[in-house]
Amino acid sequence: MIAEVKQENKFSIFNSLITNDHREFYEKIINELIGISPICNQGKCTAAAISESPTEQEQITDLMTRVETFAEELQDGTKNLFDQFYLAKEDFCRSIYCTTAYIKINLIDRTLLERTCDVRWWAMESAFVECLEKTSKSSRSLDRLLNELGEYLDAAKAAFEVPTLETNWTMKDISKFVDDVMAFSKRKLDLMFRNHIFEEFKGKVEMLSEQLGKGKNQEATVKMLQKVIKNLTDVQEQVSIACSRLEDIRRSYTLYCDLVIATPDGIVVANANPEMRSNVLGSTVKSEAWHERATDGNSTLPYVIEMTHDSSIHQGNSLVFSSAVRSIETPSATPIGVLGAVFDLEDESRIILDDYMPQTEDHETQDGWYSFFTDCKGIIVGSSDGSIIATGEQAHLPRGHRKLKPGESTSSYANIEGQDSAIFSAKSDGYLDFPGLEWSSHLVVPTRDIFASESNFQITGISNEELMRSKLIPEINKDTYVKVQDDKQSIKLISLNGIVFASKLGKRGVALGPVFEQITETGDFATSKMEDLLREMAVGELRLNLKTLETFSKQAIDLIDRNLFERSAAIRWWASDQYFWKCLMEPTDENLIAAGNRLRDINSSYSMYRNLVLANRMGRIVAASTPELIPDIKDARVADHLWFTQATRSKSSCDYAVQDVGRTDLERGDRTSLIYSGAVRQNGSRNGEIVGVLGSLFDWVTESGKILKTCLPKDKNGKRIHGCVAFYANRDLEVIETTDGGLVPLHTIPDLPTEHRELKEGESTSGVLRMGDHVYIIGSSRSKGYREYQGLGWSAHILRPLF
Amino acid sequence: MQISTFKIDDETFAIPALLVEEFFRPLPVTKVPGCDPRIDGLVNIRGRTSVVVDMRRCFGLPSNEEAGVNSEMILLETEAGLVEEAKKLGLYAYEEPIVLRVDSTSPIYNLEGDDIHPPPAHVAQNFIEGVVSADNMYFTILSMKRLVAEILNGEAEVSS
C-alpha cells in the first residue's frame, strides 16, 4: 500500500514536489538572467566600436562585468530562494500536522483517562455489590436446591408408579411433567439470567405442581419447587436492579456500547444495553483478558484496559475497561466480581479522526486525506476511511513511524494508495496519571496540498510590507527580502549610471542605450519575480499561521466541550444515587450525614469540582461536599437560581441543567462558577417525581485556565510564543476566561471582526485583528458540543502578535 | 535632452541627465556644525569632498532618517566636468561637487522637445525651474542655480 520515498533535505528545481507554476516561474527568471550575458558582451563590443578612449572603454567594460557578475548572483539567489520556500513550507506543515496528529491521540488519551476514573468509581456502586453477593449466594443455594429437587422428583415419580384408587394416574403420565421440569435442572445459568427460560420453567413447574397436587404426600415436593422459584425470582430481581443501574450509567454516559457485571467465575450477571441483554446475560467471559486481569488476586491494579476482538459481550473490536468489584465490608478480600465497560471506540475514533480534516462541499473528507490510529503492534484500531485504511489490519507505515517514543512525532513522504503523500505521526504520551496505550496517531496529507500555490490567497487587514516585517516571517526570509531589495537597487543604479554615461557620449552613446534598457528590464523582471515569490512565501507563512491558530482555538473549544460533556454525564448519574433520593425523601439526621459523606466521596475522586450541593424541593441546601465554602449555608436558598429552577423543570433523569459561568451566592467573593445540575427523583426512578436537585460547581477558573494554556501557540522548540493570548467567550461574546487579563480583560466584550463574532456552531475562522497599537492574527472556533452535550454557544479565540 | 528623475516624498522631480555624474547608495555623511539645516554634511567620493544637500529638508520635510525612509545619492557634475553638449544647452553647474540626497532615483527619460515650461503660477517654490513632459508624464525640473545660490551661497532670493 505504501512505498517509502527517500526524503531529500534540499529542494532542487527538479524535485518532483516543486509545482509546475514554480518551475515555469523559475525557468522564466533563469532564461532572462542567462540572456544578460550576450547583452553584456554586446555592450563590451559596442564600447570598442564607439570609443577610442581606453578610459571610456574600461568604464563601459567595467559596468558590463558588474552586470554579468550580478546576473550570476541572481541565478544562485533564485535557486536558493526556491529551496528556502519549499523547506519553509515543509517545516511549517510538519509542525502543524504533527501537532494535529498529536491533538487527536491526546483527545483519545484524555477521554480514556476519564473512563478509567469512571470504571473505578462505578465498581463501588452498592447495587452492583449487592447483586453480586446475592446472586452468588442464590447460585450456591440453587445448586443445592436443584440437586435436592432431583431427588424429590425421582421420589415423586416412584410414588406415582403405583396407581391409586383415587386417581387414574400412571407413572407414565406424571413422568412427562417431571421430565419437563428436570430438563432445566442442568441449566442453572439460563434459569438465573435468561428471563424467557425462567418464564418457561415457571410454566412447567406450575403444571407439574398442579399434577403433583393431585397425588398423595407430594406437599414437600411442591414446596421444594416453590423454593426454587422463589430463589430464582430473587435473583431476577437483583439482576434487574443492577441492570437498571447500569442502564442509568449508559444513558448518562453515551460513550459506552455496554457495561457488564460478571462474577469471578466469569458469568455475566447484569448488563446495561437492553438490546444485548438476552445474549450477554449468563454468558461466560472467563477467558477474556479484561476479566482475567481484573480478578487476578495478586494484582493491585485499580483498573484494566484491554483491546478485545469478538468478545462474548461485544462483537468486533472494542476497548474494555474493567475494575474489580469488592465487598463493602471486606474491601481488601478477593474480588467478588468485575465491572466491565465496553467503550464505543469506533464511534469515538470516528468523531476524533474526522475532525481537523478538510471537507468537500458535500461535507465529506477530501480525497487523499486520511487519519488513523494504530496500537503498539501497528494494527489499525481506528480509521477515518475504513475502505482504504481498514481497521484490524497492519498499517503499512515507514520504519521511522513505527518506532516512535512516547510523545514523539515524525513525518516523511510516502506513496499511499497511489497518491504522493506526506505522513505525519505522533505517539501518545498519556495524559496526567493515565500512561496511555502506546497508540499512535497518523495523518496522511496529499503532497500537492502541502505545496499548493498560495498566490491566489487574498489577505485582508494587513499590507505586504507589514507582513514582511512581522514576527511570522522567518529571519532568513526577511534577510532574503532585504537582499532582493538591495539587488534591485544595485541593478537600477548600474543601469542609470550606464545611461547617464551613454548620454554624455552624445551620438556615440546612442548604441549603448538599448543595452542598458535591456539590463534594466531584465533586472526588474528578475527581482520583481523574486519579490513575488517572497510575498507568496509570506502569504503562505501567514496562512499556515492562521490555520495553526484555528487548530488551536478548535482544540481549546473541543477540550472544554468534552470536559463539560463529562460533567453533564456525571451530574445525571449522581443525581440518581440512592443516598440522595433517600436523604431527600426521608431527611433523617442519619440520611443527611450519609448524603454529605457521599458528596464528599465523590468530590474527593473528582478534583475538578469546587463543591457539590444537594438542595431539597424548596431550594434549601441540605448537604454539600465542602459546606465551609458556602457563605451562610444555614440560610442558603437556591430556589431562584437558574440551575435549580431549570433542573426542577426537567422531564427525566436523562436531562440536566446548566447555569453559565457567573457569580453565585454559593461562592464567596467574586469567584465565578459554572454549575451543572440534575433533578433527584423519587426512588431514583427515571421519570419519578422530583424530590430535589443535585448541583455541581465546576472549578471553571482552574480547569479552563489549564486548557487555555495548553492551547497557546508554541515555537519549533516547544516554547510558548511570547505575547499570545487565549480566551473563551460566552454566547454574548463576553470574555469568561483569559490567559492575559491585561490585554483581554474578563467580562469585557472584545471588538472582534464580524466573521469571528458570527461563527456558526462548529465553525472556525482566522484573520487579522487590530487592538489599539497592536496587530494580531487571531483564530476562532465556536463550540459544536460533543455527543449529546449541546455546548453553551461559547467560542475560543487565540491571538498571536505580529510584531 | 534626457532627464534624470527621482522621488522626494512621493513626488517626482527631474534634472537634466547631463548634470549627473553618478548615482549611488547613501554614503556616510560627516556633519558640519552650524551650517544651513538643508545641508546634510560632507561625503568623500573617491577622494573628492562633496557637500550633501538634503532635498527633503529643502522642501520643508523631515529628513530621511527622521522619516525612516531610505535614500539614494546623486553626485552632480562640476562646472569643469560638464560635457560640450551640456554647455551648449546652457546648463548650470557649480564649481564644487554637490551631492543631492533624494528618496530614490527613478528612470531616465527622453524629453519630447527641449522646452521647459514655466511652473504654474500658483507654485511658489523657490527651487523650481519649470515643468517638462516625457513619456506622457509631467516632471518638475529643479533649478540647480537657485538651489546653489540660496543654500550654498546664502543668497536669499536670486532672480534668474
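For the structure, check the block above.
Scoring rules and cut-offs
Residues numbered from 1 in each chain as written. Chains lettered and ligands numbered in written order. Predicted model: local features only at pLDDT ≥ 70, side-chain atom pairs only at ≥ 80, totals over all residues. Heavy atoms only, no water. Helix = DSSP H or I, 4+ residues; strand = E, 2+ residues; numbered from the N terminus. Rg over C-alpha atoms; globule rule 2.2 N^0.38 Å. Buried < 20%, exposed > 50% of the residue type's maximum accessible area, 1.4 Å probe, protein only. Contact = heavy atoms within 4.5 Å. Areas by Shrake-Rupley, 256 points an atom, 1.4 Å probe, with all protein chains shown as cover. Lys, Arg positive; Asp, Glu negative; His and termini not counted. Charge placed at Lys NZ, Arg CZ, Asp CG, Glu CD. Buried area = accessible area lost by both parts, 1.4 Å probe. Salt bridge = Lys/Arg side-chain N within 4 Å of Asp/Glu carboxyl O. Polar contact = N/O pair within 3.5 Å; in protein donor to acceptor, adjacent residues only side chain to side chain. Core = buried A, V, L, I, M, F, W, Y, C linked by side-chain atoms within 4.5 Å. Phe/Tyr/Trp six-rings, centres within 6.5 Å; stacked < 30°, edge-to-face > 60°. Pairing = 2+ DSSP bridges. Axes fitted to C-alpha atoms, helices over the stretch in contact; angles between N-to-C directions.

1. Some words on the overall build of chain B
Now for step 1: Within chain B, the regular secondary structure consists of four helices and ten strands.
Now for step 2: Taken from N to C terminus, the helices and strands of chain B fall in the order β-β-β-β-β-α-α-β-α-β-β-β-β-α.
Now for step 3: Here the C-alpha radius of gyration of chain B, 15 Å, is about what a compact globule of 160 residues would show, namely 15 Å.
Now for step 4: Per-residue burial for chain B yields a buried fraction of 48% across its 160 residues.
Now for step 5: Considering only residue pairs separated by 6 or more positions, chain B has 58% of its internal contacts joining residues 24 or more positions apart.
Now for step 6: If you sum the accessible surface of chain B, you get close to 8100 Å²; carbon and sulfur atoms cover 48% of it.
Now for step 7: Where the 13 positive side-chain charges of chain B centre and where its 26 negative ones centre are 4 Å apart.

2. Considerations on the interface of chain A and chain B
Now for step 1: The interface is formed by twelve residues belonging to chain A together with 19 residues belonging to chain B.
Now for step 2: Together chain A and chain B conceal approximately 1300 Å² of surface at their shared face, both sides included; 51% is due to carbon and sulfur atoms.
Now for step 3: On the chain A side of the contact with chain B, L493, L496 and K504 of chain A bury the most area, a combined 41% of that side's loss.
Now for step 4: Joining chain A to chain B, the criterion identifies three salt bridges.
Now for step 5: Between R25 of chain B and D486 of chain A there is a salt bridge, and its shortest N-O distance comes to 2.7 Å.
Now for step 6: Counting every contact that joins chain A to chain B gives nine residue pairs in polar contact (both at pLDDT 80 or more).

3. Focus: the nonpolar core
Now for step 1: Counting 247 residues, the largest nonpolar core has W574, L614, L674, Y728 and W794 of chain A together with M55 and L100 of chain B as its most contacted members.
Now for step 2: At 27 residues, helix α15 (residues 513-575) of chain A tops the list of elements feeding residues into this core.
Now for step 3: Once you skip the residues sitting within four places of it in the chain, L674 of chain A turns out to touch L564, V658, Q659, D660, V661, S696, L697, F698, W700, L792 and W794 of chain A.
Now for step 4: With 15 residues, the next largest nonpolar core counts V613, A624, A647 and V693 of chain A among its residues.

4. With respect to the packing of aromatic side chains
Residue and element names in this part refer to chain A.
Now for step 1: Applying the stated criterion across every chain, the model contains 25 aromatic pairs over all chains.
Now for step 2: Here the aromatic rings of Y86 and F451 are separated by 5.1 Å at their centres, their planes lie at 35°, and the arrangement is tilted. Residue Y86 is found in helix α2 (residues 54-122), and its partner F451 is found in the loop between α12 (447-450) and α13 (464-469); the two are separated by 365 residues along the sequence. For the pair Y86 and F451, one class covers both residues: buried.

5. Brief notes about the sheet that holds strand β13 (residues 621-624) of chain A
Residues and elements named next belong to chain A.
Now for step 1: Read across the open sheet, the five strands follow the order β13-β12-β16-β15-β14; overall the sheet is antiparallel. Of all the strands in the sheet, the pair left with one neighbour each is β13 and β14 (657-663). Between one strand and the next, the sheet's axes are offset by a mean angle of 25°, whatever the strand orientation.
Now for step 2: Here strand β15 (residues 672-681) pairs with strand β16 (residues 690-698) via eight bridges, running antiparallel. Across the sheet, G678 pairs through a bridge with L694, a residue of β16.

6. Here's the deal with the side chain of E56 of chain A
Residues and elements named next belong to chain A.
Now for step 1: Its location among the elements puts E56 in helix α2.
Now for step 2: For E56, a relative accessible area of 19% corresponds to the buried category.
Now for step 3: In this structure the side chain of E56 is engaged in a polar contact, spanning 2.6 Å, whose partner is the side chain of S51.
Now for step 4: Look past the residues within four positions of E56 in its chain and what remains in contact with it is S51, F501, L505 and R508.

7. A few points about unusual backbone geometry
Now for step 1: Within the chain, R787 of chain A stands out as a residue other than glycine whose phi angle is a positive 50°.
Now for step 2: Counting through the fold element by element, R787 of chain A comes out in the loop between β20 (774-782) and β21 (795-801).

8. Considering the pairing of strand β7 (residues 98-102) of chain B
Working note: regular strand, side chains alternate between the two faces of the sheet.
Residue and element names in this part refer to chain B.
Now for step 1: For β7, the buried fraction is high: five of the five residues fall into the buried class.
Now for step 2: Bridge analysis of strand β5 (residues 48-54) against β7 gives four bridges, and the strand direction is parallel. By the bridge assignment, D54 is partnered in β7 with R101.
Now for step 3: The pairing of strand β6 (residues 72-76) with β7 spans four bridges and is antiparallel. Bridging from a neighbouring strand, E72 pairs with V102 of β7.

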